[in-house]
Amino acid sequence: MMKSTSYHILVLLSFLLLGSCVSVKQYNQMLDKQISVKNLHADVDYLHKILELYHPRLYWYISKQALDSKFDSVKADITQPMVSADFYYKIAPLLTNIRQGHTRAVQPSWRYSVKERKTLAVKAFGFNPFYKYEFYIDSGKLYVIDNKSWDKRIKSGSELIEVNHIKTSVLLDKYRHTLTSDGYIQTFPDRYIAKNFYSFLSKDFGLKDSMVCEALYADTLKTFMLYRRNSAIDSVQTYDRKVKLTLAQKDSIREENKKRRYLGFDRLTNRYSKNLTFYGTDSSTAILKINDFVGGKYTKFYKDTFKKLDALKVKNLVIDLRDNLGGRLSEINRLYSYLADSTYYSFDRSSEITSPNVIFQPILKTRPQWMHSLLWPFYPSSLLAMASKLERDNEGNYYMLLFPKKQKAATHKFNGNVYVLINGGSFSASCILSSNLKGAKRAFFVGEETGGAYSGTVAGYMPMFKLPHSKIDVRMGLLALHPAYEQALKGRGIIPDVVIIPTLADKINHTDPEMKYVLDKINLKNNDK
């Protein structure tokens, strides 16, 4: 029986893999296809329609009249057939007028099968030579602040002037027009582009084994031909062949994989999602760095963390949310349960939706047909669970209550001083958490205004809608999320109590003025006692 089951599973996986290879080929062929003006206009109309149907706060920051005019202008500007990649640069800037950072188009780019990725050693070298670079934008200029690639010729502190004969300023401006924060916040786009510049290039240029660039370092301008792979040591066999490991090496790999599952791990940045360290000889100050709310076994991690803080009688907790783009709402709710200022707390207000169908239909419609067959047994219970959270007010408006209105704080709740580091890269879930901590006066904030709004965002369930002719995916949230607190300043982020923005020299030298300020403040408090 087991053999028969294994055989059928293997056959199913083979069919899925074959289907995936075929779909990759079809998708790539579609990218080169010219789309007629009529069909491009139809995609614009379809986008407008799904926004009006599913977006719960479409007119939070723009009037209906103004948004309708923006859509009319885009249609009037489309007078020639174009491919999907060019059409993306019409659609993406259009969506930024809504001023909702989660509502965005996904740039179409060349796809590769699993076999092709392995042959091209994408895991080791990425899609272009900038795979292992870290960037920072200062005064509108793009600087290299770390180069972890195999080619070390471009030094930290170099200003990138051109990429493939295109001025970097032109690229930055192009990418900025595809991004928006929530509301009127200005700190988000440059933080996001700097963090993801490699990915922007990958989508824009596709896989590039070599790229030419100009870089300025110490007042000297040089031209470099950069290569994705190191031809001196590189061969396909190097990454395909299986190396025989010792028992000790196997144990070490097993332990590392276990740690990565527990903490979460980002292969691109080579960083754990969560990391707890201690400052000082007496361990009275803990530093909790949270790079995202996506990876790791967060329930166990926070339970272990705060139990440890309690046992060590930690007095000060520094939570670093800089460049944390968000993630699971359930995770930030769990974390807040250890930080709440009272035994019972409220985490959010009811989330607005346009109608109950808004939750059910997109989730069903936006999944591939073959996936429905696999997931069908789970749909009834999932839909019932969502339906149980729905509310309707006296005026006929629908809401979804994601968490109980009153929740009990966790065991080992932290009662000491809390400091939070934020910047323009703090977005989505990290801002909802920060809003509650700020509103409850539970934490002292240092850094830069967040990229996400204080008073909420449109996110939650975020299906992808595919435009029928260009096949461009558009992601939007279905829930208007509101933290337990809000501020009168509309469309702005969490404003830190002390504003500190690192200089270019700080980034190049890997100094941390925000963290230094907080630790100095803690030391000063301790010395005054």
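Here we summarise the structure given alongside this text. Values in this document were obtained by computation on a predicted structure and should not be read as measured data.

## Description of the packing of aromatic side chains
Alright, step 1. According to the stated counting rule, one finds 20 aromatic pairs in the structure shown.
Alright, step 2. Between Tyr-175 and Phe-197, the ring centres sit 6.3 Å apart and the planes meet at 65°, which makes this aromatic pair edge-to-face. Of this pair, Tyr-175 sits in helix 7 (residues 168-176) while Phe-197 is found in helix 9 (residues 197-205), placing the two residues 22 residues apart along the sequence.
Alright, step 3. Owing to a relative accessible area of 0%, Phe-197 belongs among the buried residues under this scheme.
Alright, step 4. Each residue in the set Phe-130, Tyr-133, Phe-135, Tyr-175, Phe-188, Tyr-192, Phe-197, Phe-200 and Phe-427 is aromatic and connected to the rest through ring pairs, giving one cluster.
Alright, step 5. For the cation-ring pair, Lys-155 lies above Tyr-217, with the distance from its terminal atom to the ring centre recorded as 5.9 Å.

## A short note on helix 8 (residues 188-195)
Alright, step 1. When you tally the buried positions in helix 8, you get six out of eight residues, the bulk of the element.
Alright, step 2. What helix 8 keeps buried is the set Phe-188, Pro-189, Arg-191, Tyr-192, Ile-193 and Ala-194.
Alright, step 3. Packing partners of the buried residues in helix 8 comprise strand 1 (104-106), strand 2 (133-138), helix 7 and helix 9.

## Structural notes on helix 9
Alright, step 1. For helix 9, the complete set of buried residues consists of Phe-197, Tyr-198, Phe-200, Leu-201 and Ser-202.
Alright, step 2. Residues of helix 9 that are buried make contact with strand 2, strand 3 (141-147), strand 4 (159-163), helix 7 and helix 8.
Alright, step 3. At the exit of helix 9 stands Gly-206, carrying a positive phi of roughly 75°.

## Concerning the sheet that holds strand 23 (residues 479-483)
Alright, step 1. Overall, antiparallel pairing links the five strands, which are arranged 15-16-14-23-20 in an open sheet. Each edge of the open sheet is held by one strand with a lone partner, namely strand 15 (390-392) and strand 20 (457-459). Neighbour-to-neighbour, the strand axes of the sheet open up by a mean angle of 35°, direction not taken into account.
Alright, step 2. Relative to strand 16 (residues 398-400), strand 14 (residues 348-353) is paired through three bridges, and the arrangement is antiparallel. By the bridge assignment for strand 16, Glu-352 is matched with Tyr-399.

## A short note on the environment of Leu-339
Alright, step 1. Following the sequence through the fold, Leu-339 ends up in the loop between helix 13 (329-337) and strand 13 (344-345).
Alright, step 2. Along the sequence, Leu-339 and Phe-306 sit 33 residues apart, while their C-alpha atoms lie 9.6 Å from each other.

## Looking at the pattern of salt bridges
Alright, step 1. Tallied over the entire structure, the rule returns 26 salt bridges.
Alright, step 2. Between Asp-68 and Lys-64 there is a salt bridge, with the nearest N and O atoms lying 2.8 Å from each other. Here the residue Asp-68 and the residue Lys-64 both occupy positions in helix 3 (residues 64-77), the gap between them amounting to four residues, near one helical turn.
Alright, step 3. By relative accessible area, Asp-68 is classed as buried at 19%.
Alright, step 4. Among the ionic pairs, Asp-320 bridges to Arg-322, the shortest N-O distance being 2.8 Å.

## Examining the nonpolar core
Alright, step 1. Within the largest apolar cluster, 46 residues are counted, with the highest numbers of intra-cluster contacts made by Phe-293, Tyr-302, Phe-306, Leu-317, Leu-335, Leu-339 and Val-420.
Alright, step 2. The set of elements that each furnish at least two residues to this core consists of strand 11 (285-290), helix 12 (298-311), strand 12 (316-320), helix 13, strand 18 (417-422), helix 17 (429-439) and strand 23.
Alright, step 3. With sequence-adjacent residues up to four places away left out, Phe-293 is seen in contact with Tyr-302, Leu-321, Asn-324, Gly-326, Gly-327, Arg-328, Glu-331, Ile-332, Leu-335, Ala-429, Ser-430 and Leu-433.
Alright, step 4. Ranked by size, the runner-up nonpolar core spans 28 residues in total, among them Leu-40, Phe-87, Ile-472 and Val-474.

## Considering the environment of Gly-460
Alright, step 1. Among the secondary structure elements, Gly-460 is positioned in the loop between strand 20 and strand 21 (464-466).
Alright, step 2. You can call Gly-460 partly exposed: its relative accessible area is 30%.
Alright, step 3. Separated by 132 residues in the primary sequence, Gly-460 and Arg-328 have C-alpha atoms spaced 8.7 Å apart.
Alright, step 4. The residues contacting Gly-460, other than those within four sequence positions of it, are Leu-329, Leu-479 and Leu-481.

What counts and what doesn't
Residues numbered from 1 in each chain as written. Predicted model: local features only at pLDDT ≥ 70, side-chain atom pairs only at ≥ 80, totals over all residues. Heavy atoms only, no water. Phe/Tyr/Trp six-rings, centres within 6.5 Å; stacked < 30°, edge-to-face > 60°. Helix = DSSP H or I, 4+ residues; strand = E, 2+ residues; numbered from the N terminus. Buried < 20%, exposed > 50% of the residue type's maximum accessible area, 1.4 Å probe, protein only. Lys NZ or Arg CZ within 6 Å of the ring centre and 35° of its normal. Contact = heavy atoms within 4.5 Å. Pairing = 2+ DSSP bridges. Axes fitted to C-alpha atoms, helices over the stretch in contact; angles between N-to-C directions. Salt bridge = Lys/Arg side-chain N within 4 Å of Asp/Glu carboxyl O. Core = buried A, V, L, I, M, F, W, Y, C linked by side-chain atoms within 4.5 Å.

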